[in-house]
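Listed here are the chains, written in short residue letters.
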Amino acid sequence: MSLIYEPAGRAREYAALACNIYRGCDHACTYCYAPAATRRAAETFRHPEERPDFLRNLRKEAGALKPTEPVLLCFTCDGYQSLDAKLGLTRETIKILHSAGHVVHILTKGGSRALRDIDLLGPRDAFATTLTLLDDAASYQWEPGAALPGDRIATIREFHRAGIPTWVSLEPVLDPAIALEIIQQTHEFVDLFKVGRWNYHADAKLIDWAKFSRDATALLESLGKRYYVKKDLACFLPEGHPARSSTAA
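So, here is what we can say about the structure in this document. (Residues numbered from 1 in each chain as written. Predicted model: local features only at pLDDT ≥ 70, side-chain atom pairs only at ≥ 80, totals over all residues. Heavy atoms only, no water.)

## Digging into the sheet that holds strand β1 (residues 4–5)
Then comes step 1: Read across the open sheet, the 8 strands follow the order β1-β2-β5-β6-β7-β8-β9-β10; overall the sheet is mixed. This sheet does not close on itself; its edge strands, each paired only once, are β1 and β10 (226–229).
Then comes step 2: Note: strand β9 (residues 192–195) against β10, 4 bridges, orientation parallel. In the strand pairing of β10, F193 is matched with Y227. (Pairing = 2+ DSSP bridges. Helix = DSSP H or I, 4+ residues; strand = E, 2+ residues; numbered from the N terminus.)

## Remarks on empty space enclosed by the protein
Then comes step 1: Throughout the structure, instances matching the rule amount to 1 cavity of 30 Å³ or more.
Then comes step 2: In this structure, the largest cavity occupies an estimated 30 Å³ of space.
Then comes step 3: Looking at the largest cavity, the residues that line it are L131, T132, L170, E171, P172, V173, L174, D175, A179 and I182.
Then comes step 4: Each residue belonging to the lining of the largest cavity can be placed in one class, and the counts come to 7 nonpolar, 1 polar and 2 charged. (1 Å grid on protein atoms, 1.4 Å probe; cavity = no way out; pocket = protein on both sides within 12 Å on 5 of 7 lines; lining within 4 Å. Points joined across faces, edges and corners; volume = space filled by probe spheres on them. Nonpolar A, V, L, I, M, F, W, Y, C, P; charged D, E, K, R; others polar.)

## Description of the nonpolar core
Then comes step 1: Counting 62 residues, the largest nonpolar core has L73 and F212 as its most contacted members.
Then comes step 2: Residue contributions to this core peak at 5 residues, all from helix α9 (residues 209–222).
Then comes step 3: Other than its neighbours up to four places away in sequence, L73 contacts C19, I21, T93, I94, L97, V104, H105, I106 and L107.
Then comes step 4: In terms of nonpolar packing, the next biggest core, distinct from the first, is built from 11 residues, Y5, A18, A128 and W167 among them. (Core = buried A, V, L, I, M, F, W, Y, C linked by side-chain atoms within 4.5 Å. Buried < 20%, exposed > 50% of the residue type's maximum accessible area, 1.4 Å probe, protein only. Contact = heavy atoms within 4.5 Å.)

## Notes on the packing of helix α8 (residues 176–186) against α9
Then comes step 1: For the pair α8 and α9, the least separation of the axes is 10 Å and the interaxial angle reads 10 degrees. Put simply, α8 runs roughly parallel to α9. For the pair α8 and α9, contact is made by P176, A179, L180, I183 and Q184 and by F212, D215, A216, L219 and L220, respectively.
Then comes step 2: Split into classes, the residues belonging to the contact of α8 with α9 amount to 8 nonpolar, 1 polar and 1 charged. (Axes fitted to C-alpha atoms, helices over the stretch in contact; angles between N-to-C directions. Parallel < 35°, antiparallel > 145°, perpendicular 65-115°, else oblique.)

## Digging into unusual backbone geometry
Then comes step 1: In this structure, C74 follows L73 across a cis peptide bond, with omega equal to 0 degrees.
Then comes step 2: Mapped onto the fold, C74 is located in the loop between β5 (71–73) and α4 (82–87).
Then comes step 3: Here the bond from E171 into P172 is cis, since omega is 0 degrees, no more than 30 degrees from zero.
Then comes step 4: In this structure, P172 sits in the loop between β8 (166–170) and α8.
Then comes step 5: Of note in this structure, R39 is not a glycine but carries a positive phi near 60 degrees.
Then comes step 6: By the secondary structure assignment, R39 is in the loop between α1 (34–37) and α2 (42–45).
Then comes step 7: Backbone geometry at D53 places phi at a positive 50 degrees, although glycine is not the residue there.
Then comes step 8: One can find D53 in the loop between β4 (49–50) and α3 (54–64).
Then comes step 9: On the basis of relative accessible area, D53 is assigned to the partly exposed category, the value being 47%.

In structure tokens:
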């Protein structure tokens, strides 16, 4: 399997190309889809490891692949989980991709851990963070190894100040009211919001997704923000709403 690959399914709405630097992730988010997607037991997945000969193989692939679309880091792991502080593979990955002419988009819950690589990114790249909660105690419960929400928010503000395009992944939406408050608190330094529903959990069925989809898009439009609504949420919007047929930016 190629290290730089074309995502399928719902992931394809976020990026045309992606690269997963590590196998597994120690953020241990309880809602994570990646263990099932990679066919690994959750407990095994939460003990990440380096991929064999990763950097050497990445150099070959990056050099042979014509730069077309940005390469997203990462879908089934996090480039700024605690293991990266020891191995430093994310920084080397960015350098390799840039040297081969590729644009890099980073999606992380690592918060300020990512600041060590802010010097590598420029206005053609992008930095993104997933935001699901605002309360520290709730974050410890749902995503115990990830950076706390305030740290993630402060970090994306720093990338914005550095002139690097920013976006937020509002997925999964665990609580509609919190998701709307996240938009309110971050819209001044986030260039794009990507919004998706919560799947594969019994509590997700208790949420009025039609109301949330209307409330979220109305708020984003009132703030003049660019946004993308994933298909499994956009289907709840009224017929004719532009987000039902929009493409990811």
